[in-house]
Amino acid sequence: MSFGSFEGAVKPTENEDLVVSTKDGITTIEMNSKPVNVLNREYHRRLTEWFRYLNNDDATRAIILTSAIPNIFTAGLDINEMVNPSLEKFTEMWTTVQENWYLLQAHYKPIIVVINGTSPGEGAVMSLCCDYRVMVRGAPPKEEGGAVRPFKFGLNEASFGLRVPRFTAEVYRQILGSHRADRMLQLGEMVTADNALTLGLVDEVVDSREEGMRAAIAYAKRLVAIDPKARYFGKKTIRAPFLRGLETQEERDSDLQEFYELVLSDTVQTTISNYFASLKKK
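Everything numeric here is computed off the predicted structure, so don't read it as measured data.

What counts and how
Residues numbered from 1 in each chain as written. Predicted model: local features only at pLDDT ≥ 70, side-chain atom pairs only at ≥ 80, totals over all residues. Heavy atoms only, no water. Helix = DSSP H or I, 4+ residues; strand = E, 2+ residues; numbered from the N terminus. Rg over C-alpha atoms; globule rule 2.2 N^0.38 Å. Buried < 20%, exposed > 50% of the residue type's maximum accessible area, 1.4 Å probe, protein only. Contact = heavy atoms within 4.5 Å. Areas by Shrake-Rupley, 256 points an atom, 1.4 Å probe, with all protein chains shown as cover. Patch = residues over 30% accessible without salt bridge, like charges linked within 9 Å, V, L, I, M, F, W, Y side chains within 5 Å. Salt bridge = Lys/Arg side-chain N within 4 Å of Asp/Glu carboxyl O. Lys, Arg positive; Asp, Glu negative; His and termini not counted. Charge placed at Lys NZ, Arg CZ, Asp CG, Glu CD. Pairing = 2+ DSSP bridges. Axes fitted to C-alpha atoms, helices over the stretch in contact; angles between N-to-C directions. Phe/Tyr/Trp six-rings, centres within 6.5 Å; stacked < 30°, edge-to-face > 60°. Core = buried A, V, L, I, M, F, W, Y, C linked by side-chain atoms within 4.5 Å.

K.L.:
Any chance you could explain the overall build of the protein chain here in plain terms?
P.N.:
Looking only at helices and strands, the protein chain has ten helices and 13 strands in total. Over its C-alpha atoms the protein chain spans a radius of gyration of 18 Å, differing by no more than 12% from the 19 Å that the globule rule assigns to 282 residues. Based on the C-alpha atoms only, the size of the protein chain along its principal axes is roughly 55 × 50 × 40 Å. Classification of the 282 residues of the protein chain by burial places 50% in the buried group. Intrachain contacts of the protein chain at a sequence separation of at least 6 include 76% that bridge at least 24 residues. Carbon together with sulfur atoms contributes 51% to the accessible area of the protein chain, which is approximately 13600 Å² in total.

K.L.:
Would you mind showing me how to read a negative patch on the surface here?
P.N.:
Taken together, the side chains of E247, E250, E251 and D253 present a region of like negative charge at the surface. Position of D253 relative to the elements: it lies in helix α9 (residues 249-263).

K.L.:
Whenever I open this one, the pairing of strand β8 (residues 132-136) confuses me. Can you help?
P.N.:
Counting buried positions along β8 gives five out of five residues, so the element sits mostly inside the fold. Burial along β8 is two-sided: Y132, V134 and V136 and R133 and M135, pointing in opposite directions, are all buried. Relative to β8, strand β6 (residues 111-115) runs parallel, the two being bridged by four bridges. Bridge assignment links I112 to a residue of β8, and that residue is Y132. Sheet topology places β8 next to strand β13 (residues 204-206); three bridges connect them, and they run parallel. Looking at β13, one finds that V136 is bridged to V206.

K.L.:
So what exactly am I meant to see when it comes to the sheet that holds strand β2 (residues 26-31) here?
P.N.:
Two strands in a sheet stick together by hydrogen bonds in their backbones, pointing the same way (parallel) or opposite ways (antiparallel). What the six strands build is an open sheet, ordered β1-β2-β4-β6-β8-β13; its pairing is mixed. Because the sheet does not close on itself, it has two edges, and the strands there are β1 (18-23) and β13. On average, each strand axis in the sheet is tilted by 20° relative to the strand beside it, whichever way the strands run. Sheet topology places β2 next to strand β4 (residues 62-67); six bridges connect them, and they run parallel.

K.L.:
I'm lost on the pairing of β4 in this one. Help?
P.N.:
Along any regular strand, the residues point their side chains to alternate faces of the sheet. Summarising burial for β4: six of the six residues are buried, a large majority. Side-chain alternation along β4 places A62, I64 and T66 on one buried face and I63, L65 and S67 on a second face that is also buried. Relative to β6, β4 is paired through three bridges, and the arrangement is parallel. Within β6, the position partnered with L65 by the bridge is V113.

K.L.:
Help me out: how do you make sense of the sheet that holds strand β11 (residues 152-154) in this one?
P.N.:
The three strands lie next to each other as β7-β11-β12, forming an open sheet whose pairing is mixed. The two strands at the open ends of the sheet, each matched to only one other strand, are β7 (119-120) and β12 (191-192). Note that β7 and β11 share two bridges and pair parallel. Note that in β11 the partner of P120 across the bridge is G154.

K.L.:
Can you walk me through the pattern of salt bridges in this structure?
P.N.:
When the charged atoms of two side chains lie near each other, side chains of opposite charge can form a pair. Tallied over the full model, the rule gives 18 salt bridges. When the shortest N-O distance is used, the salt bridge between D17 and R46 registers 2.7 Å. Taken together, the residues D17 in the segment before β1 and R46 in helix α1 (residues 41-54) connect sequence positions 29 residues apart. Classification of R46 by relative accessible area gives buried; the value is 16%. A cluster of three or more residues bridged by salt bridges with shared partners is formed by D17, E42, R45 and R46.

K.L.:
Which parts of the structure should I look at to understand the packing of aromatic side chains?
P.N.:
All told, the structure shown has eleven aromatic pairs when counted by the stated rule. An angle of 75° between the planes, with centres 5.2 Å apart, marks the rings of F160 and Y275 as edge-to-face. Of this pair, F160 sits in the loop between β11 and α4 (166-176) while Y275 is found in helix α10 (residues 266-281), placing the two residues 115 residues apart along the sequence. Residue Y275 is classed as partly exposed on the basis of its relative accessible area of 31%. Three or more aromatic residues joined by ring pairs make a cluster, and in this case those are F90, W94, F259 and Y260.

K.L.:
Before we go on, may I ask you to explain the nonpolar core in this structure?
P.N.:
In globular proteins that are soluble, nonpolar side chains generally tend to be buried together. Formed by 82 residues in total, the largest nonpolar core has its most connected members in I29, M31, L47, L65, W101 and L201. Discounting residues that sit within four places of it in the chain, W101 has contacts with V125, C129, F167, T168, V171, F242, L243 and L246.

Okay, structure coming up:
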């Protein structure tokens, strides 16, 4: 199947770690890969295949993406797969990143995301591709009378010595404006749900996943009430410039090679090693 194509997609196998259900024309995809929905090559690929299939599924008029794990959205890409990867393995991983982004941006069905946990890196990238973003403010207090533990959202790649892909940076710039996007990308800055709302990174903030799901369903119903061809024309027109960055094999190969060389750099490998060492101390 060619890159970015929806044609000929078959229904993926259903698994407990990726729960898909449809009710009243709204299909919900719940990530349920414990403990933190890490997007390793295989899991990310299966998620991508579901998006590909649902584009042409007659029973699906809108899609909701969320997590079934309390207070967890996704930890993003699997850092383990960036430890001195072979070009072959890295190509498998990065091609999936590129195609997942492309399919979400070009998807005919409206996609609403309910971000029910901190969303760094690839979790934020996927969310930014969606048509409407609902974010839960934070986790409940650990003790009575305590404060809500805020969730955060953002492209934090710089904190690992990595760069944000050009195709994603363009979306960030459209939402935030050039100066603010420049500053946040350089710092790898993540923001709370309320700040994300103020900046336009999310569209709605709620206090619980349940409230988020109700908001997502309500907005999905608004979207499907619009003539689908008219709605999609507007979406396609606005997003066309983003899609051009990955339309040719030359552009995709250039992006992959640039990122691969960066991942193999001493700076990134040392940062990853220090990250794993810090986890062992916790």
